[in-house]
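# Residue-level structural notes
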Amino acid sequence: MRLRRQLILVATVTLALPWAAWQYLTELEAFLRQGEERALLAGAGAMAGALAAGPLLALPAAAQRRLYVRPGARPVVDGYADEWQPWLDWTQPLDPSAPERARLALAEDEQALYLLLQVRDPRVVYEDPGLNAPKRSDHLIIELEDADGAPRRYLLSNSAPGWVVARPMGGAAAEPLRGEWQDVAGGYSLELRIPHGQAGDRLGLTLVNVDDPESREEVDRLRLPPTPLLRPSPVLAERLAELALAGRRVWLLDAQGWVLARAGELSVPAASAQGWPWWRHFVYRYLIRPPLNPPRNRQEHALRLEGEELQAAAAGTALAVWRPAEGRRAVTGSAASPVRQAGEARLIVLLEQGSEDLLLFTNQALGRLLALTGLVLLLVVGALLGYASLLSARIRRLRNAAEAALGQDGRVRPFKPSRQRDELGDLSRAVARSLERLREHTDYLQTLASKLSHELRTPLAVVGSSLDNLQAQALPAAAQPYVLRAREGTERLSGILRAMSEAQRIEESLRAESPETFPLDELLANCLEAYRAVSPEHRLRLDMPAGDYRLRGMPELLVQMLDKLMDNAFSFAPKGAEIRLGLRRIKQGLELRVANAGPPLPRDMQARLFDSMVSLREGRGDGPHLGLGLYIVRLVAQLHGGGVQARDLPGARGVEFVVLLRDVPLAP
């Protein structure tokens, strides 16, 4: 991974800054929410205490069943539930043991009590007029109380869907009740109108089911014993309105959650909150806002409320919760507090308040947080990116300078260390010191051959003259071979010294020779004749198309270069094999080629083939081979502005050396 990417990765640590700010904002929001919860609980408790100090409704025990009556409604008595649709979610089962068999809803206006009974009965058996036995069909027994508390019972049956009359039972003198019976999918629907003078404060129902029209035997019945009617109180609603504050909604409920009174309205979100972009609400909802309780139906026409806080208040404990607001992006706080009556929590005060102010404050803080942390992140990442780019540039310059300090010929070139007082500056100066030591060692190795040849030449001359004097003496015949071997050894050692100093002499001559313009084709043709005489066992061929082959260079050095190339070809080419020389002019200059049959080049030696002291002859020939021949070829080619490369011939038939030569520039 590159340094720039590493620093960018390190820069991600700065993400801890917005994370810490987000944690702080979350804690702040939770602290503010707890403050609002305490305020809501205090408000609900104060209202519950104020209501408990005044007159309350005479309510049954909290666990006792009651039938809720929706006030201010006057449905059309037609047997259908169209006018009851807004309140069908709060119908009550006739018998809790079979809640889906029959459900009941009650409403009233100033004149009468209205009853809607929805019955699921796939086989409705109507009354047979010929039998005069209404109880031998599906029928309903209604139990009411008169003004004196005396019970009255009514029998309701019908021979067909339509208008129906509930007649008093037991010969009681009372007006019948009228309603409408209609068949619906899966059963029937019954709607009755009961005048207030006959309704009383309790209602009981018995639903008798007959399934066989032949036997007309009773199958089962659902029984609702006389149950108290629960009606909202306008007086309590006025008292709640006096206690309610602006922006808050207050509900007064019985222990089972039925609405007895309601006052106040939730505040409408501020225009600034409504105009927030969606992403702010998204961030608040999923990153800051704590988990909420499930949403509840708290619409204006709700007849019964449910919720965890209501269950806790019914058990005598005040509780505050938060849940999503209806149709908004904010949340609503809800606190419930019990109102005790006769030592029991029979009423509940539910206080609700929207969190628009909290949302406004949190979003403002969120906006400032995002702007500040975004700016800081941009600055930090930009600074690190700039620093990484500067650092990478310095490292690249150091790498390029270190690579350029070592030439292809192994010589150490000038290296300028950095003056910066940091780790990279120290590294640059350390590289400079290492290159200087390498240059000194390279200079020592380059002069080692000439020093050795100079130091060994005098002892060799002494040995040679001594051998000459020894041969001039009358030696026994047995000593002659030893003297001959000693002379051959001194001659061989002299050849080695001459080969070691040859490269040094060529390098010195490179600086001393002056270029001249001459025809390279003629030079090559003359040398070819000499090579034929030197190695008659090889066939030599020159491929050179007609053209201008004049070159400005050093002909003596080029002859030495050709000698090395041809000596290399003679060493590897089998006897009788052909050695081809080629010369042509190309766009870059003159191209000289020497190709010979023989073994291919070793793959591990191709990169070092033209280095000093590298030899591939492996004992070929009798003379010393110190690996300086191809090194001298490279020196001469580089002096003439070109280079040399070796490659295998197709089919591994041999090796070809290609030398590029250009005009040597004139000295200024």
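Residues numbered from 1 in each chain as written. Predicted model: local features only at pLDDT ≥ 70, side-chain atom pairs only at ≥ 80, totals over all residues. Heavy atoms only, no water.

### As for the side chain of Arg 152
Secondary-structure assignment places Arg 152 in strand S6 (residues 151–156). Taking the relative accessible area as the measure of exposure, Arg 152 reaches 14% and is therefore buried. A polar contact of 3.3 Å, which involves the side chain of Arg 152, links it to the side chain of Tyr 154. Engagement of the side chain of Arg 152 in a polar contact is seen with the backbone oxygen of Gln 198, the distance being 3.2 Å. With residues near it in sequence (within four places) discarded, Arg 152 still touches Ile 142, Glu 143, Leu 144, Glu 145, Asp 146, Ala 174, Gly 197 and Gln 198. (Helix = DSSP H or I, 4+ residues; strand = E, 2+ residues; numbered from the N terminus. Buried < 20%, exposed > 50% of the residue type's maximum accessible area, 1.4 Å probe, protein only. Polar contact = N/O pair within 3.5 Å; in protein donor to acceptor, adjacent residues only side chain to side chain. Contact = heavy atoms within 4.5 Å.)

### Points about empty space enclosed by the protein
Inspection of every chain in the model, using the stated rule, returns 3 cavities of 30 Å³ or more. The space that makes up the largest cavity amounts to roughly 90 Å³. Lining the largest cavity, in full, are Tyr 68, Arg 70, Trp 84, Trp 87, Trp 90, Thr 91, Gln 92, Leu 104, Ala 105, Leu 106, Trp 258 and Leu 303. Broken down by secondary-structure element, the contributors of at least two residues to the lining of the largest cavity are strand S1 (67–70) and strand S3 (102–108). Broken down by element, the residue count for the lining of the largest cavity peaks at 3 residues, all from S3. Here the residues of the lining of the largest cavity sort into 9 nonpolar, 2 polar and 1 charged. (1 Å grid on protein atoms, 1.4 Å probe; cavity = no way out; pocket = protein on both sides within 12 Å on 5 of 7 lines; lining within 4 Å. Points joined across faces, edges and corners; volume = space filled by probe spheres on them. Nonpolar A, V, L, I, M, F, W, Y, C, P; charged D, E, K, R; others polar.)

### A few points about the sheet that holds strand S22 (residues 643–648)
Spatially, 5 strands are ordered S18-S20-S21-S23-S22 in an open sheet, and the strand pairing comes out mixed. Strands with a single pairing partner mark the edges of an open sheet, and in this sheet they are strand S18 (539–543) and S22. This sheet shows a mean twist of 15° between the axes of neighbouring strands, independent of strand direction. In this sheet, strand S20 (residues 578–586) lies alongside S18 in parallel orientation, the contact comprising 5 bridges. In the sheet register, Arg 541 faces S20, and the bridge partner there is Arg 580. Against the sheet, helix H12 (residues 555–572) touches S18, S20, strand S21 (589–597) and strand S23 (654–661), its axis set at about 20° to S21. (Pairing = 2+ DSSP bridges. Axes fitted to C-alpha atoms, helices over the stretch in contact; angles between N-to-C directions.)

### So, the sheet that holds strand S14 (residues 319–324)
Taken together, the 5 strands give an open sheet; going across it, the order is S13-S12-S16-S15-S14, and neighbouring strands pair in antiparallel fashion. Because the sheet does not close on itself, it has two edges, and the strands there are strand S13 (259–263) and S14. Strand-to-strand twist of the sheet, defined as the mean angle between neighbouring strand axes without regard to direction, takes the value 20°. Pairing analysis gives 7 bridges linking strand S12 (residues 248–254) to strand S16 (residues 344–354), with the strands arranged antiparallel. Opposite Asp 254, over in S16, you have Leu 347 as the bridge partner. Helix-sheet contacts for helix H2 (residues 16–53) involve S12, S14, strand S15 (331–341) and S16, and the interaxial angle to S15 is about 30°.

### Here we look at the packing of H2 against helix H4 (residues 234–243)
Here H2 crosses H4 at 140°, and the two axes come no closer than 11 Å. Classified by the angle between their axes, H2 and H4 sit oblique to one another. Every pair of crossing elements has a handedness; the one defined by H2 and H4 is right-handed. Contacts between H2 and H4 pair Met 47, Ala 50 and Leu 51 from the former with Arg 239, Leu 240 and Leu 243 from the latter. Partitioning the contact of H2 with H4 into residue classes produces 5 nonpolar, no polar and 1 charged. (Parallel < 35°, antiparallel > 145°, perpendicular 65-115°, else oblique. Left-handed = near helix turned anticlockwise from the far one by under 90°.)

### Some details on the packing of helix H11 (residues 520–534) against H12
Relative to each other, H11 and H12 sit at 40°, their axes nearing to 11 Å. By the angle class used here, H11 and H12 are oblique. Read as a crossing pair, H11 and H12 show a hand that is right-handed. Of the residues in H12, those in contact with Leu 520, Leu 523, Leu 524, Cys 527 and Tyr 531 of H11 are Pro 555, Leu 558, Val 559, Leu 562, Asp 563, Met 566 and Phe 570. Along the lines of polarity and charge, the residues of the contact of H11 with H12 split into 11 nonpolar, no polar and 1 charged.

### Things to note about the confidence of the model for the protein chain
Per-residue pLDDT for the protein chain averages 82, and the proportion of residues at 70 or more is 82%. Note that pLDDT drops below 50 for residues 270–274; the model gives that stretch 4 contacts with residues more than four away or on any other chain. (pLDDT = per-residue confidence, 0-100.)

### Some remarks on the pattern of salt bridges
Per the counting criterion, the structure on display carries 25 salt bridges. One salt bridge in this structure joins Arg 223 and Glu 143, with 2.1 Å as the shortest N-O distance. Linking Arg 223 in strand S11 (residues 218–230) with Glu 143 in strand S5 (residues 139–145), this pair joins segments that are 80 residues apart in sequence. Judged by its relative accessible area of 39%, Arg 223 is partly exposed. The salt bridge involving Arg 439 is made with Glu 436; its shortest N-O contact spans 2.4 Å. One end of the pair, Arg 439, and the other, Glu 436, are both in helix H9 (residues 423–472), 3 residues apart, so they sit about a helical turn from each other. Of the residues examined, Arg 439 reaches a relative accessible area of 29% and is grouped as partly exposed. (Salt bridge = Lys/Arg side-chain N within 4 Å of Asp/Glu carboxyl O.)

### Some remarks on the packing of aromatic side chains
Under the counting rule described, the total for this entry stands at 4 aromatic pairs. On the basis of an interplanar angle of 15° and a centroid distance of 5.0 Å, the ring pair of Tyr 68 and Trp 258 is categorised as stacked. Pair noted here: Tyr 68 is in strand S1 and Trp 258 is in the loop between S12 and S13, with a separation of 190 residues, a long-range link. No difference in accessibility class separates Tyr 68 from Trp 258, as the two residues are buried. Plain terms: the ring middles of Trp 181 and Tyr 188 are 4.4 Å apart, the flat faces sit at 20° to each other, and that makes the pair stacked. These aromatic residues form a ring-pair network of at least three members: Tyr 126, Trp 181 and Tyr 188. When the ring centre of Trp 251 is taken as reference, the NZ or CZ atom of Arg 262 above it lies at 5.4 Å. (Phe/Tyr/Trp six-rings, centres within 6.5 Å; stacked < 30°, edge-to-face > 60°. Lys NZ or Arg CZ within 6 Å of the ring centre and 35° of its normal.)

### Quick notes on unusual backbone geometry
Positive phi is not limited to glycine here, since Asn 132 has a value of about 55°. Of note, Asn 132 is situated in the loop between strand S4 (112–120) and S5. In this structure, Arg 216 takes a positive phi of about 55° despite not being glycine. Relative to the helices and strands, Arg 216 is located in the loop between strand S10 (202–210) and S11.

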